Structure formats: C-alpha cells, structure tokens
Amino acid sequence: MANINNRMMELGKVRSVIRETFEYGNKRAKEIGRENVYDFSLGNPSVPTPEIVDKEMVNLINDNTVAVHGYTSAQGAEPTRIAIAQDINRRFSAGVTKDDIYMTCGAAASLTISISALCNKGDEIIAIAPFFPEYRVFVESAGAKLVVVPADTENFQINFKELSRLITPKTKGIIINTPNNPTGVVFSENTINRLCDILREKSKEFGNPVYLITDEPYRELVYDTDAKVPYLINCYDHTLVCYSYSKSLSLPGDRIGYIVVSNKMPEHEDIYAAVCGAGRALGFVCAPSIMQRAILPALGKTSDLSVYKKNRDLLYESLTKMGYTCVHPDGAFYLFVKSPVPDASEFCLKAREYDILLVPSDSFGCTGYVRIAYCVTTEMIQRSLPAFEKLAESYGL
Ligand code: PLP
C-alpha cells in the first residue's frame, strides 16, 4: 500500500451511498432503458439556469475573454462582493458590506473554509441529525470532532434537550441547514429563536462565542408562504452564512457561492482574516472568475422553481395516500420517508426490485428513513407511482 495519507486515500476510495446508488441507476438504465429506472438518488437541479446567466456568460466571453478568464482578488472581485452585499441588504436589511464577503466554489467550499477558519485541533462542531453527510468529512479534515444532536423524529426541528446537553466549553460552533437536506423541513421561527437564545446563554456561560454556521444552498427553495427562513445574521451576532447558487440558479457544476462573516460580531476582523487564511491554506482562492460576473444580472432572482413545488405536492400526496409516512416538507427538494422496516438499507434494496432508487438515511446520522430527491421530471414521478404502490403493497401498507 502506498505510504501516503491513509485517511485521504480512504475518503477517495469509499464512494458515498448517494453516488453508489446513482452509478447503479446508470448501469440499470443501460439494461432496461432510462425511462424504466426511477432514480431519486441525486440532488442535481432539474430546471434550467435562468437564461440571463447563460446570456451573460456569452457576453462576457465576447467582451473580453482574457479578463474574464483571469484571476480576481483572492476573496473575490470587489464589484461582485459589492453587488452581493447590496442584494442581501435589499432583501434582509442585514447591514452586510463587501468586506464581510468571501467568494467560494459553492457551499461545500464555504463550509470547509468556515470550519477550518474557526477550529483548532480537538474543537467540536455540532450538527443536527439528520445532516448532509459531508459535514463529517469537512469537520474531521479540519482536525475537529463532529458532535451529533440526535434527530427530533416527531417533526424534524431541533432536539433542544440534547442540544443543551451537548454544547460544552469545547464547542466551537454549530451547523444548521434550513430548508433541510434530507428532510425538506424548514426550521420554524420558534426553533430559530430558541436556538439563538441557547447559543447566547452558552456563549455567556463558557466565556467564548459558539459560532452559528448556516448552510444555505436551499434558502430560496421554499414552497409554502407561511414557512419563513429568517436571515440568521439578524438573529445571532456570531453567524457565518455559507451560501451557494448551486440550487437557486441551477449552477451546481459551475461552483459559485460565498461566505458572509457577520460584522455584528466584535471579533469580525479576525474571523474574516481567518476565513481568508483558510481559503488560502485550502487553495480556495479566486472563485471561478466568469461565474463571479455571470451571476450579477441574476442576483435576487431564481430559476423557475415551480416544478419542484408541483413534484413535492404530487409525491407527498400520492405516497401518504399509499400508506407511507413522511414529514411534510416545506422546502428544498427532498422527501424523508419512514422505512416500513427498521433497516432502511434493506428497504432501499427492496425498492430496487421495482427499479425505484432511494437513499437510506443512515449516512445522514439518523436510521430508519429514506431520502427521495424529487428534482426530477414530474412525468418521471407520475410513471413511478405504480412501482411505489407495488412496493407499499409488498409491505402491506
Ligand atoms: N450543503 C447541503 C445541505 C447540500 O445539500 C449540498 C449539496 O447538495 C451542499 C452543502 C454542497 O453544495 P455546493 O454544490 O454548493 O457545494
């Protein structure tokens, strides 16, 4: 075996269950035809990028291809950071400035940089189950420890009793993700207020701030008017926003997002410097230059997200009618369905017999559920319903 970093080698060799399921789907599609495989494994947006972004990319190339492909400042081009700060303030009145913003290659980079900027070896970062599995990779790679708050399986808000118990002097921060992958749940205003109160209390008790890292690729993907997603900088001073355009503008392959370090925290200058330092140390400087420019005309806009709501309604109503149990998702593009047997992987294997591809919840830090990513065509969902029906019948639902 090569005498290299074994942890990195392991990470590279072990495929995530989501990827493994997706690859299985491709193999199966070759055998029986793509239209006969109901692949709900991947969170890849299925609606086009707003035309204005595509047009802007063409214009940019035609205008000055050399400049467009050149480096920007390490933390991102100044005009881009100014425009994003204005857009945030227009929507949320959050008092953000260009000097709070660091442009990144999407939420994954935003998270990795933020965690590395905050953590020393042995620090702890809290995640609320169920959570995006890559959090563990990001946290452990920063030399920190991921501490998991068990899921509130009643309504997938936050299990506050456990959270209060798990915040200790070692806690450097907590990651939240609302609207949530994998449940689709939006944290209620009450949940957010209670969370911020606890973080303030604990920060005071331990004499060090507990930072709130808010992972927001799904911020705009909310389908019910009463589900509000407050801007966390307005709720808690020690907040780092990890944003991405991957889902709101359907740009996951173009890798563009940003971090906002709240300027309401007294140590803002140091934390922003640490973010720049972590970006440098990790090689995440100068996010894709063309994308830093191409998103500008689309600030404050989104792709046409109406198909996701249509899909959510169709799947939620159909599956619950068939006897499946599922928390009502207000946002993102996921449904979190209770497995009829305790072992969700067993249920996923059974579903494969009907060519329905689902992801078991275990890697999200919560057993006994499956995730359905409904960022697919409505027509595919319609075609899949008889297979879901047969699957339900096989369990006597
Ligand atoms: N966080 C969550 C909760 C996600 O679901 C994803 C991607 O699916 C990411 C972060 C990473 O997003 P990006 O593509 O912007 O890196």
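Reading the values: rules and limits
- Residues numbered from 1 in each chain as written.
- Predicted model: local features only at pLDDT ≥ 70, side-chain atom pairs only at ≥ 80, totals over all residues.
- Heavy atoms only, no water.
- Disulfide = S-S within 2.5 Å.
- Buried < 20%, exposed > 50% of the residue type's maximum accessible area, 1.4 Å probe, protein only.
- Domains from an automatic or database assignment.
- Contact = heavy atoms within 4.5 Å.
- Buried area = accessible area lost by both parts, 1.4 Å probe.
- Salt bridge = Lys/Arg side-chain N within 4 Å of Asp/Glu carboxyl O.
- Polar contact = N/O pair within 3.5 Å; in protein donor to acceptor, adjacent residues only side chain to side chain.
- Helix = DSSP H or I, 4+ residues; strand = E, 2+ residues; numbered from the N terminus.
- Nonpolar A, V, L, I, M, F, W, Y, C, P; charged D, E, K, R; others polar.
- Arc of directions from axis to C-beta.

*Asks:* Teacher, can you tell me more about the state of the cysteines here?
*Replies:* Covalent bonding between the sulfur atoms of two cysteines defines a disulfide. Under the definition given, this model contains zero disulfides. Cys348 takes part in no disulfide bond, and the closest cysteine sulfur, belonging to Cys366, lies 13 Å away. Residue classification places Cys348 among the buried residues on the basis of a relative accessible area of 6%.

*Asks:* Just checking my understanding: could you explain the domain arrangement of the protein for this structure?
*Replies:* Much of the literature gives interface size as the accessible area that the parts lose upon coming together. For the protein, the domain assignment lists domain 1 (6-49 + 303-394) and domain 2 (51-298). Between domain 1 and domain 2, the C-alpha centre-to-centre distance is 26 Å. Counting from both sides, the interface comprises 31 residues of domain 1 and, opposite them, 37 residues of domain 2. When domain 1 packs against domain 2, close to 2,600 Å² is buried across both sides, 60% of that on carbon and sulfur atoms. The largest share of the area that domain 1 buries against domain 2 comes from Thr49, Asp330 and Phe364, three residues that together contribute 25% of it. One can count two salt bridges joining domain 1 with domain 2. Among the salt bridges present, the one from Arg7 reaches Glu140, with a minimum N-O distance of 3.8 Å. Across the domain 1-domain 2 interface, the total number found is 17 residue pairs in polar contact (both at pLDDT 80 or more). Elements with a contribution of two residues or more to the side of domain 1 that touches domain 2: helix 1 (6-13), helix 11 (306-322), strand 9 (334-338) and strand 12 (369-373). Its residues assigned to classes, the side of domain 1 that touches domain 2 shows 18 nonpolar, eight polar and five charged.

*Asks:* What is the right way to look at helix 12 (residues 344-353) in this model?
*Replies:* Counting along an α-helix, one turn takes 3.6 residues, and residues three or four places apart therefore face a common direction. Those residues of helix 12 that sit buried are Ala344, Phe347, Cys348, Ala351 and Arg352. End-on view of helix 12: buried residues confined to an arc of 150°, all on one side of the axis. Exposed side of helix 12, more than 90 degrees from the buried face: Leu349 and Glu353 are the residues found there. Buried residues along helix 12 sit in contact with helix 2 (17-32), strand 10 (356-357), strand 11 (359-360), strand 12 and helix 13 (378-394). The residue sitting at the N-terminus of helix 12 and contributing the capping side-chain oxygen is Asp343; that oxygen lies 2.9 Å from the backbone nitrogen of Ser345. After helix 12 finishes, the residue Asp355 shows a positive phi value of roughly 60°.

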